[in-house]
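Below, each chain spelled out in residue letters.
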Amino acid sequence: MPERPPALAWEKFARRCYEREQARLNRTRPMTDAEEFAELVNAVVHFEKKYDGTYEETLGANPELSSDEARDAQQWRGLLRSIERRGADA
């Protein structure tokens, strides 16, 4: 089995990939706080449309989730926490 590169090499690789993708999307300047907040809200709206309701009404109320639903639930919760933290910091 091939040896894994050191963590630092992975971080550099991930950073280069991220920077190339940002340049491809013409996002070479940092996002403003308002733009970043809008991205978070848009991602939450995506999940609300996909599951036809709020997190609490849908995935948050379902104890038995498929692997895809569990992944979405984790991402959705993370988005909601990020939005809550921004509200607490304001």
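Here, every reference points to the structure presented above.
Residues numbered from 1 in each chain as written. Predicted model: local features only at pLDDT ≥ 70, side-chain atom pairs only at ≥ 80, totals over all residues. Heavy atoms only, no water.

### What about the packing of aromatic side chains?
Okay, so step 1: Here the structure, examined in full by the defined rule, presents three aromatic pairs.
Okay, so step 2: Their ring planes at 25 degrees and their centres at 6.0 Å tell us that Tyr51 and Trp76 sit as a pair that is stacked. Residue Tyr51 is located in helix 2 (residues 33–51), and its partner Trp76 is located in helix 3 (residues 67–89); the two are separated by 25 residues in the primary sequence. Taken individually, Tyr51 and Trp76 each receive the classification buried, so the pair is uniform in this respect.
Okay, so step 3: Between Tyr55 and Trp76, the ring centres sit 5.5 Å apart and the planes meet at 75 degrees, which makes this aromatic pair edge-to-face. Of this pair, Tyr55 sits in the loop between helix 2 and helix 3 while Trp76 is found in helix 3, placing the two residues 21 residues apart along the sequence. (Phe/Tyr/Trp six-rings, centres within 6.5 Å; stacked < 30°, edge-to-face > 60°. Helix = DSSP H or I, 4+ residues; strand = E, 2+ residues; numbered from the N terminus. Buried < 20%, exposed > 50% of the residue type's maximum accessible area, 1.4 Å probe, protein only.)

### Examining the environment of Glu36
Okay, so step 1: Mapped onto the elements, Glu36 comes out in helix 2.
Okay, so step 2: The class for Glu36 is partly exposed, based on a relative accessible area of 34%.
Okay, so step 3: Among all residues touching Glu36, those that are not within four sequence positions of it are Met31 and Arg86. (Contact = heavy atoms within 4.5 Å.)

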